[in-house]
Amino acid sequence: MFAVISDIHSNLEALSTVLADIETRGIKTIYCLGDVIGYGPNPRECLDLIIDRTKWCVLGNHDYAVFYEPTNFNYGAEQASFWTRFSLEAEQHGASRDRRWSFLGELPMRQTLKTKLGTNAAIIDFVHASPRKPVNEYIFPDDVYTNPQKVKLVFERVKHICFVGHTHLPGVFLDEPDFYAPDELNNIYPITEKEKAIVNIGSVGQPRDRDNRASYVYVDGSEVHFVRLDYDIETTTQKIKAIEELDNFQAERLQEGR
Ligand SMILES: [Fe+2]
């Protein structure tokens, strides 16, 4: 069994809740799809937990923005990146500060796992955004209707299964193309040897599908299970509002799940 988490966005309450749930299930292996930081109030704590608790993490566009430069960010996201960089720099303890910066600077764009899931052979790619453009490309559910050619081209880059985050909208893309929200799948997607799928695991720290609960998945045998968890949103929103550089919108969107 393994769990996959993504888009924590410096939300310590959501991350702690998800990690506790994973532990309760007895799952020891956790992979992370990036955007550990950006938007939220606890970048240091979230980085420390991800470094300590995950087997690997890939580079998200917000991790890139803090370490390198924000590219194509709106004003609020850009301000949050600069505040996050300031917060990481302000750490007095040199070893902790260096460990976080080294981690951010060494994040790969992609990881691949060749494994057996139950009796099925599987090749699983892990990227932040898209198998075609791993850090920045958005694959939206609507694309299957409005831009099916784009989804088909993206699927040309999929070997078998690809886990993504980035849009903060959980669900499964098939190459027909089609998209299924977790509800439509009773929260389970069965991986088969023949069917290609892009599995968006949703966001731990900033869900945007109008459901404000933290989202992640775990894989048991050949089944991907989508999980949603209530967490202490009130504490996170209060912290955001107390930091002048973080736009209050970042707090409101957590309440509304958008
Ligand atoms: Fe994100």
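What comes next concerns the included structure. (Residues numbered from 1 in each chain as written. Predicted model: local features only at pLDDT ≥ 70, side-chain atom pairs only at ≥ 80, totals over all residues. Heavy atoms only, no water.)

1. As for the overall build of the chain
Across its full length, the chain holds 9 helices and 12 strands. The C-alpha extent of the chain, read off along each of the three principal axes, is 50 × 40 × 30 Å. Classification of the 258 residues of the chain by burial places 56% in the buried group. When contacts within the chain are restricted to residue pairs at least 6 apart in sequence, those whose partners lie at least 24 apart make up 71%. Surface exposure of the chain reaches about 11100 Å², of which carbon and sulfur atoms provide 46%. Within the chain, the 39 negative side-chain charges are centred at a point lying 5 Å from the centre of the 28 positive side-chain charges. (Helix = DSSP H or I, 4+ residues; strand = E, 2+ residues; numbered from the N terminus. Buried < 20%, exposed > 50% of the residue type's maximum accessible area, 1.4 Å probe, protein only. Contact = heavy atoms within 4.5 Å. Areas by Shrake-Rupley, 256 points an atom, 1.4 Å probe, with all protein chains shown as cover. Lys, Arg positive; Asp, Glu negative; His and termini not counted. Charge placed at Lys NZ, Arg CZ, Asp CG, Glu CD.)

2. Details of the coordination of the iron ion
Six octahedral donors at a metal ideally form angles of 90 or 180 degrees, and four tetrahedral donors ideally form angles of 109.5 degrees. The coordination sphere of the iron ion, as far as protein atoms go, consists of Asp7 (OD), His9 (NE2), Asp35 (OD) and His168 (NE2), spread over 2.0 to 2.3 Å. Geometry at the iron ion is irregular, judged from the 4 donor atoms that bind it and their angles of 82 to 175° at the metal. All donors of the iron ion come from a single chain, and their spacing in sequence reads D-x1-H-x25-D-x132-H. (Donors = N, O, S within 2.8 Å, 3.2 Å for Na, K, Ca; no water. Tetrahedral: all angles 85-135°; square planar, octahedral: opposite > 155°, others 65-115°.)

3. Observations concerning the packing of aromatic side chains
Under the criterion given, the structure shown has 12 aromatic pairs. Aromatic pair Tyr64 and Tyr68: ring centres 4.7 Å apart, planes at 35°, arrangement tilted. The exposure class assigned to Tyr68 is partly exposed, which follows from its relative accessible area of 38%. Among the aromatic residues, ring-to-ring pairing joins Phe2, Tyr31, Trp56, Phe126 and Phe163 into one connected group. Above the face of the Tyr39 ring, Arg253 is positioned so that its terminal group lies 5.3 Å from the ring centre. (Phe/Tyr/Trp six-rings, centres within 6.5 Å; stacked < 30°, edge-to-face > 60°. Lys NZ or Arg CZ within 6 Å of the ring centre and 35° of its normal.)

4. A few points about the pattern of salt bridges
What the rule picks out here adds up to 16 salt bridges. Note that Glu23 is salt-bridged to Arg53, the shortest N-O span being 3.3 Å. You can see Glu23 sitting in helix H1 (residues 12-24) and its partner Arg53 sitting in helix H2 (residues 43-53), a full 30 residues away along the chain. When the shortest N-O distance is used, the salt bridge between Asp125 and Lys159 registers 2.8 Å. Of this pair, Asp125 sits in strand E5 (residues 120-126) while Lys159 is found in the loop between helix H7 (148-155) and strand E6 (161-164), placing the two residues 34 residues apart along the sequence. Exposure remark for Asp125: the relative accessible area of 2% places this residue in the buried category. (Salt bridge = Lys/Arg side-chain N within 4 Å of Asp/Glu carboxyl O.)

5. Here we look at the pairing of strand E4 (residues 111-117)
In this structure, E4 lies alongside E5, joined through 7 bridges in antiparallel fashion. Bridging across to E5, Gln111 finds its partner in Phe126. Where E4 hands over to E5, the hairpin turn is made up of 2 residues, of which Gly118 adopts a positive phi near 65°. (Pairing = 2+ DSSP bridges.)

6. Quick word on the pairing of strand E1 (residues 2-5)
Two faces belong to every sheet, and in a regular strand the side chains alternate between them. Residues Phe2 and Val4 of E1 are buried on one face, and the alternating residues Ala3 and Ile5, pointing to the opposite face, are buried as well. Pairing analysis gives 4 bridges linking E1 to strand E2 (residues 29-32), with the strands arranged parallel. Across the sheet, the residue bridging to Ala3 is Ile30, located in E2. Handedness of the β-α-β unit built from E1, H1 and E2 comes out right-handed. (Right-handed = clockwise from strand over helix to strand, strands pointing away.)

7. With respect to helix H9 (residues 249-256)
Within the span of H9, buried status applies to Gln250, Ala251, Arg253 and Leu254. Around the axis of H9, the buried residues are gathered within 165° of arc, so they sit on the same side. Buried residues along H9 sit in contact with helix H4 (75-89) and helix H8 (233-242). Backbone geometry just after H9 places Gly257 at a positive phi near 65°. (Arc of directions from axis to C-beta.)

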